[in-house]
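Architecture at a glance
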Amino acid sequence: MQIENLVKMVNDIAVFFEAEPERRVAVHSIADHVKKFWDPRMRRAIIQHNRDGGFGLSELSRLAVHELDEESHSLLECGDG
């Protein structure tokens, strides 16, 4: 899948959660949606894209992908990733 499609998809998810008054809840909800419904290859690709600068990602999307990245590091460190 092209990275442009993944960027569009996560940005569309972020638009849905923009109405959430609690910013941290919105970020976590976006990350949770991606974790639940995206293939692991898609998640790795969007995480790498964010690490490479995240061109095209909205602010909420960047924060959510960063949360996914942090979570994947934690899982690797404890041996569950």
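These notes cover the structure that comes with them.

So, how was this worked out
- Residues numbered from 1 in each chain as written.
- Predicted model: local features only at pLDDT ≥ 70, side-chain atom pairs only at ≥ 80, totals over all residues.
- Heavy atoms only, no water.
- Axes fitted to C-alpha atoms, helices over the stretch in contact; angles between N-to-C directions.
- Helix = DSSP H or I, 4+ residues; strand = E, 2+ residues; numbered from the N terminus.
- Parallel < 35°, antiparallel > 145°, perpendicular 65-115°, else oblique.
- Contact = heavy atoms within 4.5 Å.
- Nonpolar A, V, L, I, M, F, W, Y, C, P; charged D, E, K, R; others polar.
- Phe/Tyr/Trp six-rings, centres within 6.5 Å; stacked < 30°, edge-to-face > 60°.
- Salt bridge = Lys/Arg side-chain N within 4 Å of Asp/Glu carboxyl O.
- Buried < 20%, exposed > 50% of the residue type's maximum accessible area, 1.4 Å probe, protein only.

Where helix α1 (residues 3–17) contacts helix α3 (residues 40–51), the axes come no closer than 10 Å and their chain directions differ by 90 degrees. Taken as axis vectors, α1 and α3 run roughly perpendicular relative to one another. Of the residues in α3, those in contact with I3, L6, V7, M9 and V10 of α1 are M42, A45, I46 and H49. Residue composition of the contact of α1 with α3, grouped by class: eight nonpolar, one polar and no charged.

Let us now look at the packing of aromatic side chains. Any aromatic ring pair is given by two values, namely how distant the centres are and how the planes are angled relative to each other. Under the criterion given, the structure shown has one aromatic pair. Consider the rings of F16 and F17, whose centres lie 5.0 Å apart with planes at 90 degrees: the pair is edge-to-face.

This brings us to the pattern of salt bridges. Summed over all chains, the structure comprises six salt bridges. Between E71 and K35 there is a salt bridge, and its shortest N-O distance comes to 2.9 Å. Here K35 lies in helix α2 (residues 23–37) and E71 lies in helix α4 (residues 59–78), a separation of 36 residues in the sequence. Here E71 falls in the partly exposed class, since its relative accessible area comes to 28%.

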